[in-house]
Amino acid sequence: MSAPERIPPRSVTTAELLAKGELKVRGRIREASNAVLYCSVSYEGRDVFCVYKPVAGERPLWDFPDGTLAQREVAAYEVSEATGWGLVPTTVLRDGPYGEGMCQLWVEASPEDDGAGLLALVDDEEPAEGWKAIGFAEVGEGRTALLVHADDTRLRRLAVLDAVINNADRKGGHLLPTGEGRLYGIDHGVTFNADNKLRTLLWGWAGEPLTPEAVDVLASLRDGLASGAPLATRLAELITTAEIDATRDRVEAMLVSGKHPEPSGEWPAIPWPPV
């Protein structure tokens with residue numbers, strides 16, 4: 001008699017781990033304006049650290065009256081995944097010790113970089129080669145300096161994603177470069193507003209032609225956002241119909257123009273402080 005076939009154990013995905021695992025609070029990140037808890041999560045022999053942001057700890061925002069910060073964080077992750085760029089750490093909506101909230105995989109930024117190689121203040125009128133100008137900033141005692149960001153493919157992809165999700169708060173502290181060369185963006189609670197609220201440090205490509213890669217990604221997003229398509233169906237569980245329609249419009253506008261968007265002039269274009 002032959003030996004019974006051995007079935008290898010099923011691999012647990014990161015999303016499953018975050019959604020179904022046992023969540024234990026280890027501490028609180030006190031610099032955040034809303035409740036942000038540092039946690040561990042365990043499921044079927046796998047353990048990771050994560051960030052848990054309970055809805056109960058959110059401060060209401062007058063200009064984001066619908067839904068929750070947690071839902072918009074998950075929606076940003078879903079759009080990021082649809083691009084294929086993987087710019088947002090795995091993020092799920094789940095119940096936790098303090099009720100429903102967003103749970104996101106903890107990403108350890110590279111201590112050697114920690115964003116320092118992506119943003120800089122320089123005493124020049126124009127950016128050096130390999131850098132893009134954001135704008136001039138007051139640095140004290142009547143001095144101004146030029147705020148610049150790296151001309152980096154990872155940042156350029158993130159600029160496209162931010163334009164799609166209408167990110168109102170892309171600061172330097174929300175950029176997490178890793179030792180493996182990856183770059184993640186975090187803190188997407190103020191996104192998807194139906195009004196134009198794009199506020200970011202990544203204006204260096206404003207008005208410039210989109211890369212062929214970005215055009216292909218936007219075309220794929222347009223298909224994914226069509227009524228009844230998987231991405232649109234998933235987003236309908238997280239944000240309003242008006243917000244989904246506005247997201248479609250932003251994608252279409254970039255495809256028609258073929259360019260990175262420029263500041264509208266109707267809203268402060270750069271978050272301050274920029275970190």
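Computed from a prediction, not measured in an experiment: that's the story for all the values here.

Basis of the calculations
- Residues numbered from 1 in each chain as written.
- Predicted model: local features only at pLDDT ≥ 70, side-chain atom pairs only at ≥ 80, totals over all residues.
- Heavy atoms only, no water.
- Phe/Tyr/Trp six-rings, centres within 6.5 Å; stacked < 30°, edge-to-face > 60°.
- Helix = DSSP H or I, 4+ residues; strand = E, 2+ residues; numbered from the N terminus.
- Buried < 20%, exposed > 50% of the residue type's maximum accessible area, 1.4 Å probe, protein only.
- Contact = heavy atoms within 4.5 Å.
- Salt bridge = Lys/Arg side-chain N within 4 Å of Asp/Glu carboxyl O.
- Expected span 1.5 Å × (residues − 1).
- Arc of directions from axis to C-beta.
- Pairing = 2+ DSSP bridges.
- Axes fitted to C-alpha atoms, helices over the stretch in contact; angles between N-to-C directions.
- Core = buried A, V, L, I, M, F, W, Y, C linked by side-chain atoms within 4.5 Å.

**Structural notes on the packing of aromatic side chains**
Alright, step 1. Considering all chains together, one arrives at 2 aromatic pairs under this definition.
Alright, step 2. Here Tyr38 and Trp106 contribute two aromatic rings whose centre-to-centre distance is 4.8 Å and whose plane-to-plane angle is 70°, an arrangement assigned as edge-to-face. Taken together, the residues Tyr38 in strand 2 (residues 37-43) and Trp106 in the loop between strand 5 (99-105) and strand 6 (119-122) connect sequence positions 68 residues apart.
Alright, step 3. Its relative accessible area of 23% is what places Tyr38 among the partly exposed residues.
Alright, step 4. Three or more aromatic residues joined by ring pairs form one cluster here, namely Tyr38, Phe49 and Trp106.

**A short note on the environment of Val107**
Alright, step 1. If you trace the backbone, Val107 turns up in the loop between strand 5 and strand 6.
Alright, step 2. Sequence separation between Val107 and Glu22 is 85 residues; the distance between their C-alpha atoms is 19 Å.
Alright, step 3. Val107 has contacts with Pro89, Leu176, Thr178 and Tyr184, leaving out every residue within four places of it along the chain.

**A few points about the pattern of salt bridges**
Alright, step 1. A full pass over the atoms with the stated rule returns 16 salt bridges.
Alright, step 2. For Glu208, the salt bridge is made with Lys132, and the minimal N-O distance between the two is 2.7 Å. In this pair, Glu208 sits in the loop between strand 10 (183-185) and helix 4 (212-224) while Lys132 sits in strand 7 (residues 131-140), placing the two residues 76 residues apart along the sequence.
Alright, step 3. Given a relative accessible area of 25%, Glu208 falls into the partly exposed group.
Alright, step 4. Residue Arg248 pairs with Asp245 through a salt bridge whose shortest N-O separation is 2.6 Å. Of this pair, Arg248 and Asp245 both sit in helix 6 (residues 241-257), 3 residues apart, roughly one helical turn.
Alright, step 5. The class for Asp245 is partly exposed, based on a relative accessible area of 34%.
Alright, step 6. What you see here is one network of salt bridges that share partners, running through Lys53, Glu73 and Asp187.

**Details of the side chain of Lys197**
Alright, step 1. Of note, Lys197 is situated in the loop between strand 10 and helix 4.
Alright, step 2. The buried category is assigned to Lys197, whose relative accessible area is 8%.
Alright, step 3. Every residue in contact with Lys197, bar those within four places of it in the chain, is listed here: Asp63, Phe64, Asn166, Asn167, Ala168 and Trp267.

**A short note on helix 4**
Alright, step 1. End to end, helix 4 covers 18 Å across 13 residues, agreeing with the expected 18 Å (1.5 Å per residue, within 8%).
Alright, step 2. The complete set of buried residues in helix 4 reads Ala214, Val217, Leu218, Leu221 and Gly224. Across the axial projection of helix 4, the buried residues extend over an arc of 115°, all falling on one side. With respect to the buried face of helix 4, the exposed residues turned more than 90 degrees away are Pro212, Asp216 and Asp223.

**Concerning the sheet that holds strand 3 (residues 46-54)**
Alright, step 1. Spatially, 5 strands are ordered 1-2-3-5-4 in an open sheet, and the strand pairing comes out antiparallel. Of all the strands in the sheet, just strand 1 (22-28) and strand 4 (91-96) have a single pairing partner and so form its edges. Across the sheet, the axes of successive neighbouring strands diverge by a mean angle of 40°, strand direction being ignored.
Alright, step 2. The pairing of strand 4 with strand 5 spans 6 bridges and is antiparallel. Looking at strand 5, one finds that Asp95 is bridged to Glu100.

**Some words on the nonpolar core**
Alright, step 1. Grouped together as the largest cluster of nonpolar side chains are 45 residues, with contacts concentrated most on Val79, Leu155, Val164, Leu218 and Leu235.
Alright, step 2. Elements represented by at least two residues in this core include exactly helix 2 (69-83), strand 8 (143-150), helix 3 (153-165), helix 4, helix 5 (230-235) and helix 6.
Alright, step 3. Top contributing element to this core by residue count: helix 3, with 8 residues.

**Notes on the pairing of strand 5**
Alright, step 1. Both strand 3 and strand 5 contribute to a ladder of 5 bridges, which runs antiparallel. Each residue of the ladder has a partner; that of Pro54, found in strand 5, is Gly101.

**Remarks on unusual backbone geometry**
Alright, step 1. At Glu44, a residue that is not glycine, the phi angle is positive and equals roughly 50°.
Alright, step 2. Mapped onto the elements of the fold, Glu44 is located in the loop between strand 2 and strand 3.
Alright, step 3. Judged by relative accessible area, which is 52%, Glu44 ranks as exposed.
Alright, step 4. Positive phi, close to 65°, is recorded for Asp187, a residue that is not glycine.
Alright, step 5. Among the secondary structure elements, Asp187 is positioned in the loop between strand 10 and helix 4.
Alright, step 6. For Asp187, a relative accessible area of 27% translates into the label partly exposed.

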